[in-house]
Amino acid sequence: MNTAPRPPLDGIKVIDLTIWVQGPLAGQLLADLGADVIKIEKPGQGDLARGLQTLFGASMKTPTGRGLLFELVNRGKKSIAIDLRKEEGQKLLHDLVKDADVFLSNLLPGTLSHFRASAAELTSI
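Asks: Can you walk me through unusual backbone geometry in this structure?
Replies: A positive phi angle, near 55°, is found at Phe-56, a position not held by glycine. Mapped onto the secondary structure, Phe-56 falls in the loop between strand E3 (54–55) and strand E4 (58–59). Of note, the phi angle at Arg-116 is positive, near 55°, even though the residue is not glycine. Note on placement: Arg-116 falls in the loop between helix H4 (109–114) and helix H5 (119–123).

Here is the structure:
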C-alpha cells in the first residue's frame, strides 16, 4: 500500500503559454508542486530560451547540448508544438484550455488576441 502523500497540486492541469524565464518559471514551480503542466511552443522553434547558447560569454548548454536555461525553467512539463497563427492551432489551444484549471501566459495582450486567446475569448469557451 502506498502511503506517500500526494503533492499539493496533484490533479491540477495547467496550460503554459509562456516564454523566456519569468513565465516558464511560474509553470515549473506549479509542476514541482504536482500540477500537470503542458507547455505550448512554436513549431520549428520552440521557446526562445531553447536556442540560447551563451550568456555574457558563458556556455548555456547542458553536457548533451540542450539549452540550460530552457531546461532549468521547464523541468517537469509536457510540451506540445502548436501553430497559433492557424485556426486549427487556435482550436486545439481552446480545447486544451477548456479542460484546464490554470492558463499561464506572459505574452502581450495584443498577441493573445491575435491568437484568439484573450481572457474574454478563453473564458467564453
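Asks: How do you make sense of the sheet that holds strand E6 (residues 102–105) when you look at a structure like this?
Replies: For sheets, the rule is that strands pair by backbone hydrogen bonds, running either parallel or antiparallel. Strand order in this open sheet of four strands is E5-E2-E1-E6, and the pairing throughout is parallel. In this open sheet, the two edge strands, each paired with only one partner strand, are strand E5 (78–81) and E6. Strand after strand, the sheet turns through a mean of 20° between neighbouring axes, direction not considered. Sheet contacts for helix H3 (residues 87–98): strand E1 (13–17), strand E2 (36–41), E5 and E6; angle to E1, the most-contacted strand, approximately 145°.

Asks: Explain the layout of surface pockets to me, please; I cannot follow it from the model alone.
Replies: Empty pockets left among the atoms are what a rolling probe the size of a water molecule brings to light. Considered as a void within the structure, the largest pocket measures approximately 320 Å³ in volume. Along its surface, the largest pocket is lined by 19 residues, and Ile-19, Glu-41, Lys-42, Leu-107 and Phe-115 are the ones closest to its centre. Broken down by class, the residue content of the lining of the largest pocket amounts to nine nonpolar, four polar and six charged.

Asks: Sorry, what's going on with the nonpolar core here?
Replies: The nonpolar side chains of a soluble globular protein tend to be buried with one another. Ranked by internal contacts, the top residues of the largest apolar core, which has 15 residues, are Ile-15, Leu-17, Ile-40, Leu-84, Leu-93 and Ala-117. Contributions of two or more residues to this core are made by E1, E2 and H3. Of all the elements, H3 adds the most residues to this core, at three residues. Sequence-distant contacts of Leu-93, that is, excluding residues within four places in its chain, are made with Ile-15, Ile-40, Leu-84, Phe-103 and Ala-117.

Asks: Explain the pattern of salt bridges to me, please; I cannot follow it from the model alone.
Replies: A side chain of one charge can pair with a side chain of the opposite charge if their charged atoms are brought near each other. One pass over the full model with this rule turns up ten salt bridges. Of the charged contacts in the structure, one is a salt bridge between Lys-78 and Asp-36, with a shortest N-O distance of 3.0 Å. In this pair, Lys-78 is assigned in strand E5 and Asp-36 in strand E2, connecting sequence segments 42 residues apart. The exposure class of Asp-36 is partly exposed, given its relative accessible area of 29%. Linking Glu-71 and Arg-66 is a salt bridge whose minimum nitrogen-to-oxygen distance equals 2.8 Å.

Asks: Help me understand a nonpolar patch on the surface in this model?
Replies: Together, Trp-20, Val-21, Leu-25, Leu-29 and Leu-48 give the surface a local cluster of nonpolar side chains, amounting to about 390 Å² of exposed area. By the element assignment, Val-21 lies in the loop between E1 and helix H1 (22–32). Using a relative accessible area of 31% as the deciding quantity, one classes Val-21 as partly exposed.

Parameters at a glance
- Residues numbered from 1 in each chain as written.
- Predicted model: local features only at pLDDT ≥ 70, side-chain atom pairs only at ≥ 80, totals over all residues.
- Heavy atoms only, no water.
- Helix = DSSP H or I, 4+ residues; strand = E, 2+ residues; numbered from the N terminus.
- Pairing = 2+ DSSP bridges.
- Axes fitted to C-alpha atoms, helices over the stretch in contact; angles between N-to-C directions.
- Contact = heavy atoms within 4.5 Å.
- 1 Å grid on protein atoms, 1.4 Å probe; cavity = no way out; pocket = protein on both sides within 12 Å on 5 of 7 lines; lining within 4 Å.
- Points joined across faces, edges and corners; volume = space filled by probe spheres on them.
- Nonpolar A, V, L, I, M, F, W, Y, C, P; charged D, E, K, R; others polar.
- Core = buried A, V, L, I, M, F, W, Y, C linked by side-chain atoms within 4.5 Å.
- Buried < 20%, exposed > 50% of the residue type's maximum accessible area, 1.4 Å probe, protein only.
- Salt bridge = Lys/Arg side-chain N within 4 Å of Asp/Glu carboxyl O.
- Patch = residues over 30% accessible without salt bridge, like charges linked within 9 Å, V, L, I, M, F, W, Y side chains within 5 Å.
- Areas by Shrake-Rupley, 256 points an atom, 1.4 Å probe, with all protein chains shown as cover.

These results come straight from atomic positions and should not be treated as a statement about function.
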